[in-house]
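Inside the fold
In case you want the letters, here they are:
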Amino acid sequence: MSVTGQTRGQTGLKVVLRVLDPGFGQLGGNLPDLEDEVQIQVYDKVHMINPKVEAEEILMTPNSVLKLHTNRDDVDALSYRMLDDADQVAIAQVDEKGFLHSGSITGTSLLLVTLQESFGVNQTLIIAVKVVPVSYMRFSTSPALHTYTKESLKALPLGIVLTFTVYFHASTGEVLHSSNSHLTFSTNRADLVQVGFGPSNHTMIVRTVNTGLTLLSVHDSENTVVADYIPLPVEHAIQPEEAQRLVVGDVICFTAQLDSEDGGHGIWSSSANAILQVDSKTGAAVARNSGAATVYYEIPGVLKTYIEVVVESATNTAAKAQQDLPVETGKQTEVFLTTRGQGTNLIGTCSSFQTEAVAQLQPETSVACHLSFTNDAVDFPASSVFKTHTSFDTSSGFYTCSVTLQPTADQLTRVASMTLSNLLVKAALEGSAFSGEQVSARLPIEPGMYSDRTELTLSNLRPTAELTVFVPAAAQADMEVVSNSPVIGIQKAEAQSDFPSLSKYTIRALDLRAAGSASITISSASSGQSLIIPVTLIHVAELGANTQVVHELCHRKQQPHPYSFIIRRPPPAPDSINRPYYPTPRCDANSSFRLRLYSTRH
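Residues numbered from 1 in each chain as written. Predicted model: local features only at pLDDT ≥ 70, side-chain atom pairs only at ≥ 80, totals over all residues. Heavy atoms only, no water.

1. Looking at the overall build of the chain
- Secondary structure summary: the chain contains three helices and 47 strands in total.
- Burial statistics for the chain: of 602 residues in total, 40% are counted as buried.
- A total accessible area of about 32900 Å² is found for the chain, and carbon and sulfur atoms account for 50% of it. (Helix = DSSP H or I, 4+ residues; strand = E, 2+ residues; numbered from the N terminus. Buried < 20%, exposed > 50% of the residue type's maximum accessible area, 1.4 Å probe, protein only. Areas by Shrake-Rupley, 256 points an atom, 1.4 Å probe, with all protein chains shown as cover.)

Structure below.
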């Protein structure tokens, strides 16, 4: 049977032996059982806490002091004594409070530590005390810096505070537990790091305040042989470096290799969110306004580093079409925008998490997509014709302005195309007047094929009408204008050099006695567009007074087309269901040519 002590204290162990059948007389005196009890005292084994020695050996420099501590200092019956011969020169001395003093002579002596327990047991430790000179010094830093790549840092991060602890070593390489060295330090660049004494002996506090290389000198003021020189390179731990100078509209993906001991990431913050808005989890940021800001990366309880950023106002914006294609109805035309002249607005490389964070930050709210026409003759804003949507594309690093021609603005669009006007797309900053250079993207406008008439009416009194058709350049080569009736004739007029996209046709009734309906089809196989113009043929037996007045009015005011007019048929009134209908020409004396452009898509 084995017994293992679990915790300090006193307990008893009782053993009882019983026989199964007392009748056999197995125990003397026919006893039914035998028993015995022993007291067990469990106590802690005494060992040294200061210094922590594993080989029961204390190393000291001459004339140094060391305060001894054990794990049983709470016991009054603890004593220290040097085991030296009477005729031996004292190497070290110890007092009753545990202060160990080394002498000026190097050598070895023995230290006896005695602990008398209350239950009568004594514990003893015999430790060798060696007095040796310092051979060299070594440094260690805290806190420990970890990287998620498990690679060593090439430089100290800017802005962190480190504690340097100096360890003295004997010639054997062992660490000295006590020394009488008085350390002094100096640096060759006081503007890069700040150095001060630490809270305990042989410690220094180092704070990095600027990037660069500093040489730290540490030496013993009484023993110049004991000295060391440490290079302290300081760099930005926050990348990318080019993020130090930004322009409004820039999107930055900040990164830092530092993480906590358990692999956790730090927290990002900005000193001025109105200037530089930073996502606290990923380090994605957007430059909102001009000014100075500081980006911090902090691992709570370990370190805090930073990088200073200056955001300048944008002085050169640019827009560039992704493809040399015209703006068409119902199709999106994308234009790249940048507030950095010809460069992209993305600074750094974004991870998938940062890409999601950029979308949440909505950088496009700081950049505007402005539209205008190249021809000043267009007297309405481009925004009434085109719809825009701005977004940021992390794959290209540009803002994207998606331009769509609104179907509801056909008439205004035709006016712009009739004036041979193109669409100008410019990048600007939202909510502020931009006075810098703007490089615009020029987009041709192609609303499609259309005509100035939605229908035609021919009669024996007015057998001809003029039809003007706008044909895009892509559709001119194979455009066809045909009639589905043999009584309708089509004759093309000469092309106008000023408006090459306009084609004029004379539509003629070949049979003046015919009445009915027909249509003219204008189509282009290459563009896939077509127009159908209904044609109404009427035979007027007698010209009434009302019709004559309307005809004369149109004849005087609708130049240069005196014989063409458009009939719009309202629904018959309830009291005129059984009455014959005589179409009355409708004309608008104040209408302009551009407002009479109509389109039909099939």
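What follows picks up the thread again.
2. With respect to the nonpolar core
- Within the largest apolar cluster, 52 residues are counted, with the highest numbers of intra-cluster contacts made by Phe-254 and Leu-276.
- Per element, the largest residue contribution to this core is five residues, and it comes from strand β30 (residues 303-312).
- The residues touching Leu-276, leaving out its near neighbours within four places in the chain, are Leu-246, Ile-252, Phe-254, Ser-270, Ala-285, Val-286, Ala-287, Ala-293, Val-295 and Val-309.
- Residues Val-335, Ala-357, Leu-371 and Tyr-399 belong to the second largest nonpolar core, which totals 31 residues. (Core = buried A, V, L, I, M, F, W, Y, C linked by side-chain atoms within 4.5 Å. Contact = heavy atoms within 4.5 Å.)

3. A word on the side chain of Arg-72
- With respect to the helices and strands, the residue Arg-72 is situated in the loop between β6 (69-70) and β7 (78-82).
- Within the structure, Arg-72 has its side chain in polar contact with the backbone oxygen of Asp-44 (distance 3.0 Å).
- Among the polar contacts made by the side chain of Arg-72, one reaches the side chain of Glu-117 at a distance of 2.9 Å. (Polar contact = N/O pair within 3.5 Å; in protein donor to acceptor, adjacent residues only side chain to side chain.)

4. So, the pairing of strand β29 (residues 291-299)
- Direction of pairing for strand β26 (residues 267-270) relative to β29: antiparallel, over a ladder of four bridges. Bridge pairing in β29 links Ile-267 to Glu-298.
- Here nine bridges tie β29 to β30, and the two strands are oriented antiparallel to one another. Each residue of the ladder has a partner; that of Ala-292, found in β30, is Val-310.
- Connecting β29 to the next strand, β30, in antiparallel fashion are three residues, including Gly-301 with a positive phi near 80°. (Pairing = 2+ DSSP bridges.)

5. Thoughts on the environment of Glu-37
- Positionally, Glu-37 belongs in strand β2 (residues 33-42).
- Distance from Glu-37 to Leu-13, taken between C-alpha atoms, is 5.6 Å for residues 24 residues apart in sequence.
- Those residues in contact with Glu-37 that sit more than four places away from it in its chain are Leu-13 and Lys-14.

6. As for the sheet that holds strand β9 (residues 99-102)
- Read from one edge to the other, the open sheet built from three strands follows the order β5-β9-β8, with strand pairing classed as antiparallel. Strands with a single pairing partner mark the edges of an open sheet, and in this sheet they are β5 (65-67) and β8 (92-94). Here the average twist between neighbouring strands, direction ignored, is 20°.
- Here three bridges tie β8 to β9, and the two strands are oriented antiparallel to one another. Paired with Gln-93 across the strands is His-101, a residue of β9. (Axes fitted to C-alpha atoms, helices over the stretch in contact; angles between N-to-C directions.)

7. A few points about unusual backbone geometry
- In this model, Ser-142 is joined to Pro-143 through a cis peptide bond whose omega is 0°.
- Note on placement: Pro-143 falls in the loop between β12 (136-142) and β13 (146-147).
- Looking along the chain, the bond that leaves Gln-239 and enters Pro-240 is cis, with omega of 5°.
- Unlike most non-glycine residues, Lys-150 shows phi in positive territory, near 65°.
- Note on placement: Lys-150 falls in the loop between β13 and β14 (156-157).
- Under the relative-accessibility criterion, Lys-150 is labelled exposed at 73%.
- With phi around 55°, Gln-362 is a residue other than glycine that occupies positive phi space.
- Summarising the element assignment, Gln-362 is placed in the loop between α1 (352-361) and β34 (367-373).

8. Things to note about the sheet that holds strand β39 (residues 441-443)
- Read across the sheet, three strands follow the order β34-β37-β39 without closing on themselves; strand pairing throughout is antiparallel. Looking along the sheet, the strands with just one partner apiece sit at the ends: β34 and β39. The mean angle between the axes of side-by-side strands here comes to 30°, regardless of whether they run parallel or antiparallel.
- One ladder, built from three bridges, connects strand β37 (residues 423-429) with β39; its direction is antiparallel. Considered in β39, the bridge of Leu-424 is made with Arg-442.

9. Some points on the pattern of salt bridges
- Summed over all chains, the structure comprises eight salt bridges.
- As a salt-bridge pair, Arg-18 and Asp-33 come within 3.7 Å of each other at their nearest N and O atoms. In this pair, Arg-18 sits in strand β1 (residues 9-18) while Asp-33 sits in strand β2, placing the two residues 15 residues apart along the sequence.
- Since its relative accessible area comes to 61%, Arg-18 is described here as exposed.
- Across the salt bridge formed by Arg-72 and Glu-117, the nearest N and O atoms sit 2.9 Å from each other. You can see Arg-72 sitting in the loop between β6 and β7 and its partner Glu-117 sitting in the loop between β10 (107-116) and β11 (122-131), a full 45 residues away along the chain. (Salt bridge = Lys/Arg side-chain N within 4 Å of Asp/Glu carboxyl O.)

10. Section: the packing of aromatic side chains
- Under the counting rule described, the total for this entry stands at nine aromatic pairs.
- Seen in terms of ring centroids, Trp-268 and Tyr-297 are 4.7 Å apart; in terms of plane orientation they differ by 50°. Their pairing is tilted. Of this pair, Trp-268 sits in strand β26 while Tyr-297 is found in strand β29, placing the two residues 29 residues apart along the sequence. The burial state of Trp-268 is the same as that of Tyr-297; both residues are buried. (Phe/Tyr/Trp six-rings, centres within 6.5 Å; stacked < 30°, edge-to-face > 60°.)

11. Comments concerning the environment of Leu-303
- Inspection of the secondary structure puts Leu-303 in strand β30.
- Taking the relative accessible area as the measure of exposure, Leu-303 reaches 8% and is therefore buried.
- The spatial distance from the C-alpha of Leu-303 to the C-alpha of Leu-145 is 8.5 Å, given a sequence separation of 158 residues.
- Ignoring anything within four residues of it in the chain, the contact list for Leu-303 reads Leu-145, Ile-160, Leu-258, Tyr-297 and Glu-298.

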